[in-house]
Amino acid sequence: MPASAHDPIYLDHAATTPIREEVLEAMTPFLGRRFGNPSSTHRWGREARAALDGARERLARTIGAKTDEICFTSGGTEADNMAVLGIWRAMQKKGRPACVSTPIEHKAVLGAVHQVEAEGGEVRMLSVSGDGSVDVASARGVLRDDVAVCSMMWVNNETGVIQPVAEVSRLAKEAGAIFHTDAVQAFGKVEIDASRQQFDVLSLSGHKICAPKGIGALFIRRGTPIDPLMHGGSQDRGRRPGTENVAAAVGLARAAELIVAERGHENERLRRLRDELERAILERVPDAVVHGRNSARAPHILSISVPGTDSESLLMALDLKGVAASGGSACQSGSVSGSHVLKAMRVRPDLAGAVVRMSLGCLTTDDCVRRVTEVFPALVAKARSMAGSAAS
Ligand SMILES: *Cc1c(COP(=O)(O)O)cnc(C)c1O
């Protein structure tokens with residue numbers, strides 16, 4: 001069906017993505033008659049086990065990992081918690097009480113780091129430049145031989161800025177620490193290859209790459225000390241007890257294969273669309289500010305502030321025109337405290353409060369970009385008058 005001029009426009013792919021047809025197709029048998037428990041020894045069980053093993057092997061191959069280095073989780077949040085808390089707990093027993101991270105992490109990592117502190121760990125944060133990238137020099141002083149784990153995301157979910165993973169990872173290794181990276185927004189956008197030794201542990205999430213919500217994975221390099229978060233059965237070598245979500249694991253593996261196979265072409269397409277969206281908005285609203293503009297960015301995120309407005313008015317005006325975007329990350333929408341990422345970048349508070357994040361993906365076409373840029377100036381005027389009347 002051709003898109004109509006009135007179809008709503010989804011520009012929030014960093015919050016979540018639709019499940020792809022091929023992914024749903026791969027999953028369907030395991031939601032139906034192939035329902036076995038992979039731990040059972042009869043034919044139903046063996047069939048489910050084969051599907052789960054196959055999914056693990058195929059997902060491993062997309063990041064150059066070995067099959068036993070993949071642990072399926074309930075999503076990115078669990079993977080991040082398992083990495084930060086699980087590794088810290090295992091390493092602090094070896095006399096390493098410190099944990100290093102950054103102030104621009106997703107709440108899944110920041111929450112886990114907070115828990116490390118509550119359990120007696122010493123937390124040190126790296127600093128961030130005004131352009132949204134972690135300052136490698138700040139890692140030199142803090143990555144000492146008492147550090148258990150260093151966690152730094154690969155691509156920031158609010159700005160799209162690509163972080164210096166190779167450099168910080170090398171400093172972490174030199175200090176004998178384990179390096180974790182949250183690659184939820186990076187997967188399919190940057191090249192991820194475990195054999196290049198840039199990370200020890202890496203988090204993925206299904207629903208950011210057109211697989212279902214509630215499935216993710218943690219790559220754990222062989223030999224990495226990690227305590228399980230949950231206790232129970234011996235599934236996944238005891239790292240993650242509980243009956244495995246076979247259908248979702250199969251879906252995640254299929255989505256991963258597709259996104260990696262299409263990476264070159266799709267990233268080129270998204271970059272062209274994002275750059276055009278950015279150019280056209282800046283042409284029509286010259287005082288708008290693009291966050292992370294001078295840093296290397298993943299191709300799917302545009303974070304932009306419009307002076308004299310506020311996020312809520314902008315998002316409401318966009319929504320009235322059928323455009324779905326977000327103010328920063330989905331997890332903090334509804335909160336009034338503002339983005340911790342923009343704060344770490346020392347963005348002026350009035351600008352930080354006037355940000356919209358538009359994130360592109362499989363649903364984004366030339367037509368979407370054209371329609372958004374057409375309505376943008378009028379909508380900024382409207383948001384400015386709303387902000388003005390709210391202030392008076
Ligand atoms: C979405 C996201 C997460 C959380 O993943 P869930 O599967 O939703 O739990 C973690 N980190 C980043 C960077 C994300 O964008």
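In this text, all values refer to a predicted model and were calculated from it rather than measured experimentally. (Residues numbered from 1 in each chain as written. Predicted model: local features only at pLDDT ≥ 70, side-chain atom pairs only at ≥ 80, totals over all residues. Heavy atoms only, no water.)

Asks: How should the sheet that holds strand S6 (residues 178-182) be read in this particular structure?
Replies: The strands making up a sheet are joined through hydrogen bonds of the backbone, oriented either antiparallel or parallel. Pairing is mixed across the open sheet formed by seven strands, whose spatial order is S2-S8-S7-S6-S5-S3-S4. Of all the strands in the sheet, the pair left with one neighbour each is strand S2 (70-73) and strand S4 (122-125). When strand polarity is set aside, the average angle formed by the axes of neighbouring strands in this sheet is 20 degrees. Summarising the sheet, S6 and strand S7 (residues 201-205) pair through three bridges and their orientation is parallel. Within S7, the residue paired with His 180 across the bridge is Val 201. (Pairing = 2+ DSSP bridges. Helix = DSSP H or I, 4+ residues; strand = E, 2+ residues; numbered from the N terminus. Axes fitted to C-alpha atoms, helices over the stretch in contact; angles between N-to-C directions.)

Asks: Would you mind going over the packing of aromatic side chains with me for this structure?
Replies: Working definition: an aromatic ring pair is given by the centre-to-centre distance plus the angle between the planes. Applying the stated criterion across every chain yields a total of three aromatic pairs. On the basis of an interplanar angle of 40 degrees and a centroid distance of 6.5 Å, the ring pair of Phe 35 and Trp 44 is categorised as tilted. Classification of Trp 44 by relative accessible area gives partly exposed; the value is 42%. Ring centres 5.5 Å apart and planes at 85 degrees place the aromatic pair Phe 199 and Phe 219 in the edge-to-face group. Taken together, the positions of Phe 199 in the loop between S6 and S7 and Phe 219 in strand S8 (residues 216-220) put the pair 20 residues apart, joining distant regions of the chain. On the accessibility criterion, Phe 199 (0% relative accessible area) is buried. The buried category is assigned to Phe 219, whose relative accessible area is 1%. Chaining the aromatic ring pairs together yields one cluster made of Trp 154, Phe 199 and Phe 219. (Phe/Tyr/Trp six-rings, centres within 6.5 Å; stacked < 30°, edge-to-face > 60°. Buried < 20%, exposed > 50% of the residue type's maximum accessible area, 1.4 Å probe, protein only.)

Asks: Looking at this model, I keep getting lost on the side chain of Thr 181. Mind explaining?
Replies: In this structure, Thr 181 sits in strand S6. Using a relative accessible area of 0% as the deciding quantity, one classes Thr 181 as buried. Within polar-contact distance, the side chain of Thr 181 engages the backbone nitrogen of Trp 154 at 3.2 Å. With sequence-adjacent residues up to four places away left out, Thr 181 is seen in contact with Met 152, Met 153, Trp 154, Val 165, Phe 199, Val 201, Leu 202 and Ser 203. (Polar contact = N/O pair within 3.5 Å; in protein donor to acceptor, adjacent residues only side chain to side chain. Contact = heavy atoms within 4.5 Å.)

Asks: What is the right way to look at the site of the ligand in this model?
Replies: Neighbouring the ligand are 13 residues; Thr 77, Asp 182, Ser 205, His 207 and Lys 208 lie closest to it. The separation between a nitrogen atom of the ligand and a polar side-chain atom of Asp 182 is 2.6 Å. Within the side chain of His 207, an N or O atom sits 2.8 Å from an oxygen atom of the ligand. In the complex, the protein chains occlude 88% of the 380 Å² of accessible area that the ligand would expose alone. (Near = heavy atom within 4 Å. Areas by Shrake-Rupley, 256 points an atom, 1.4 Å probe, with all protein chains shown as cover.)

Asks: Whenever I open this one, empty space enclosed by the protein confuses me. Can you help?
Replies: The gaps of empty space that remain are located by a probe, the size of a water molecule, rolled over the atoms. Counted under the stated rule, the structure contains two cavities of 30 Å³ or more. By volume, the second largest cavity is sized at about 30 Å³. Classifying every residue of the lining of the second largest cavity gives four nonpolar, no polar and three charged. (1 Å grid on protein atoms, 1.4 Å probe; cavity = no way out; pocket = protein on both sides within 12 Å on 5 of 7 lines; lining within 4 Å. Points joined across faces, edges and corners; volume = space filled by probe spheres on them. Nonpolar A, V, L, I, M, F, W, Y, C, P; charged D, E, K, R; others polar.)

Asks: Hey, could you run me through the pairing of S7 in this one?
Replies: In terms of burial, S7 is a largely internal element, five of the five residues being buried. What you see with S7 is no split at all: Val 201, Ser 203 and Ser 205 on one side and Leu 202 and Leu 204 on the other are buried throughout. Inspection of the sheet shows S7 paired to S8 by five bridges, in the antiparallel sense. Within the sheet, the bridge partner assigned to Ser 205 lies in S8 and is Gly 216.

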